[in-house]
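Topology and contacts: notes
Take a look at the letters that make up each chain.
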Amino acid sequence: MTKRISVLGSTGSIGENTLDIISRAPEGTYKVAALTANTSAKKLAEQAIAFDAEYVALADSSQSQILKAALAGTRIDIGIGPEALVDAASVQADFTMAAIMGAAGLEPTLAAVRQGNHVGLANKECLVCAGDHFMAEVKRHGTVLLPVDSEHNAIFQVLEEDPKGIRRLILTASGGPFREKTAECLKAVTRKDALAHPIWEMGEKISIDSATLMNKGLELIEASYLFNRPSADIDVIVHPQSIIHSMVEYIDGSVLAQLGSPDMRTPIAYAMGWPARVEAPVERLNFTKLSELTFFEPDLVCFPALRLAREALEAGGRAPNILNAANEIAVEAFLSEKVEFIQISQIVEQVLNTLSRSEGFAQADMSIDAILATDALARQTAHEHIVNLL
Ligand SMILES: NC(=O)C1=CN([C@@H]2O[C@H](COP(=O)(O)OP(=O)(O)OC[C@H]3O[C@@H](n4cnc5c(N)ncnc54)[C@H](OP(=O)(O)O)[C@@H]3O)[C@@H](O)[C@H]2O)C=CC1
Ligand SMILES: CC(=O)[C@@H](O)[C@H](O)COP(=O)(O)O
Ligand SMILES: [Mn+2]
């Protein structure tokens, strides 16, 4: 039977990889329901025509004329503005790929969750800013949540084989482009250096997160919510080759891992095909050509973001929500060359300190409005810290 698929964030790296899997599948396997983007109107229109989408949504209204002109004369419905992303996510779909970058993806992804079908979750920020609320909605609607983030997809695959007797989850990290740098050298790194991930080709925000190790911090929080494990049960280990995507250690000492070439089309295909396995056009592992697999502890002094994320997870309440929002603003400031690389984690720490002093982290109200209010407050506080730095 044809699967109806929506792709939230179709113009991004995960979105394009998802459409690549769709384009290679036998005729009739998939039907594209909805596609969304922020500002990439032209690319969104091209995708919509190529994949015969039913509905497209563009968040940035200033680009709407480009989209409308490009789709004039087609039967593709168009929505404009952030609320149209929620409409797109509400178009009936058997599987939705949630691949919007950042907390902007929260409300559309929740709308997809409310359909009660299958959701592939790439947008880790959703879980970081609203973990309890998000997982409660998944449960309430009987949604099948399929992790797409490579580490979480690896753990999901392992736990499908054996969910008993777990001692700890081990998240692997590439270490990013600066894994061999000293704290002194990190002071001089540029935007270009930070975007040059040694293994993965990804969007700009996640590439910077990988360079600061905040990506691994967000993934630690993501894993805690997805697999219902406390911080103490989740370790991070640097594995520069990124061949082992993550592991689970069991109480008898066994460790099960998922391996594969570092290509996101494997976890994407896994999520789209689940519970079946489907073809993905990725390079197969050739063990005789793998020179070595190495591992070492992350350096929490050079990369304080990972420590901050673990502290936020352990503090609970609003802390992960604040961490995420502050990080989004700090990364944006780094990408627009307003702050230095090492200031990203400093800004996040300052926002956490400021808001823990003035407001505390306790959060009785886990409603979406409370989550969005905290997100807005943390963004404003981060902007204030950045202004003070300039
Ligand atoms: N890339 C990867 O390999 C991996 C990514 N992820 C996660 O997946 C998510 C997407 O990452 P990635 O594909 O790399 O990111 P990209 O930056 O490549 O793409 C992001 C997508 O989200 C859209 N978008 C960005 N901001 C907004 C907004 N404010 N409102 C609506 N739409 C928006 C973009 O539209 P536009 O093109 O118009 O800007 C684009 O379609 C992130 O959460 C990331 O952490 C997880 C694991 C691996
Ligand atoms: C591909 C993927 O899942 C990314 O989140 C990846 O993990 C980034 O690499 P780092 O391990 O460097 O953060
Ligand atoms: Mn990852």
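The residue numbers shown here count from 1 along each chain, following its written sequence. Starting at A for chains and at 1 for ligands, labels are handed out in the order in which the entities are written. Note on the predicted model: pLDDT of at least 70 is required for a residue's local features to be given, and 80 or more for side-chain atom pairs to be given and counted; whole-chain, interface and lining totals, by contrast, use all residues.

Time to look at the site of ligand 1. Around ligand 1, the structure places 30 residues, and the nearest of them are Gly-12, Asn-38, Ala-104, Met-202 and Gly-203. Looking at the shell around ligand 1, the elements with two or more residues in it are α1 (13–24), α6 (124–140) and α10 (204–212). Split by residue class, the shell around ligand 1 holds 13 nonpolar, 12 polar and 5 charged. The start and end points of each domain follow an automatic or database-based domain assignment. Two domains share the shell around ligand 1, each providing at least three of its residues, namely domain 1 (3–147) and domain 2 (149–261 + 282–306). Here, nearness means that the C-beta atom of a residue, built from backbone geometry, sits within 6 Å of the molecule or strand in question. Each helix corresponds to a stretch of at least 4 residues labelled H or I by DSSP, and each strand to a stretch of at least 2 residues labelled E; elements are numbered beginning at the N terminus. In this classification, Asp, Glu, Lys and Arg are treated as charged, Ala, Val, Leu, Ile, Met, Phe, Trp, Tyr, Cys and Pro as nonpolar, and every other residue, Gly included, as polar.

Surrounding ligand 2, one finds Asp-149, Ser-150, Glu-151, Ala-173, Ser-174, Gly-176, Trp-200, Ile-206, Ser-210, Asn-215, Lys-216 and Met-264. Elements represented by at least two residues in the shell around ligand 2 include exactly α7 (150–161), α10 and α11 (214–227). Considering only residue class, the shell around ligand 2 consists of 4 nonpolar, 5 polar and 3 charged.

Our focus in this paragraph is unusual backbone geometry. Of note, the bond from Trp-274 into Pro-275 is cis; its omega dihedral lies within 30 degrees of zero at 10 degrees. Note that Pro-275 resides in the loop between α12 (265–273) and α13 (304–315). Positive phi, normally seen in glycine, also occurs at Asp-52, with a value near 50 degrees. With a phi close to 55 degrees, Asn-228 is a non-glycine residue in the positive phi region. Within the element layout of this structure, Asn-228 appears in the loop between α11 and β9 (234–238).

Below, the discussion takes up the domain arrangement of the chain. According to the domain assignment, the chain contains domain 1 (3–147), domain 2 (149–261 + 282–306) and domain 3 (316–389). Relative to domain 3, the C-alpha centre of domain 1 lies at a distance of 27 Å. Working definition of a contact: two residues with C-beta atoms, positioned from the backbone, lying within 7 Å. Taken together, the contact pairs 9 residues of domain 1 with 9 residues of domain 3. Here the residues of the side of domain 1 that touches domain 3 sort into 4 nonpolar, 3 polar and 2 charged.

Attention shifts here to the pairing of strand β7 (residues 144–147). By this definition, two strands are paired if DSSP reports at least two bridges between them. Summarising the sheet, strand β6 (residues 118–121) and β7 pair through 4 bridges and their orientation is parallel. Bridge pairing links Gly-120 to Leu-146 in β7. Crossovers are described as right-handed under a simple rule: with the strands pointing away from the observer, the path leading from the first strand over the helix to the second runs clockwise. For the segment spanning β6, α6 and β7, crossover handedness is right-handed.

So, about the packing of α7 against α12. Across the interface, α7 lies against α12 with an axial gap of 9 Å and an inter-helix angle of 50 degrees. Between α7 and α12, the interaxial angle falls into the category oblique. Classified by chirality, the crossing of α12 by α7 is left-handed. Along its contact with α7, which presents Ser-150, Asn-153 and Gln-157, the element α12 presents Pro-267, Tyr-270 and Ala-271. Taken together, the residues of the contact of α7 with α12 sort by class into 3 nonpolar, 3 polar and no charged. Axis geometry follows a simple rule: fit a line to the C-alpha atoms, using only the stretch in contact for helices, then measure angles between N-to-C directions, giving values from 0 to 180 degrees. Oblique is the label for any angle not under 35 degrees, not over 145, and not in the 65 to 115 range, which are roughly parallel, roughly antiparallel and roughly perpendicular in turn. A crossing counts as left-handed when the near helix is turned anticlockwise from the far one by less than a right angle, and as right-handed when that turn is clockwise.

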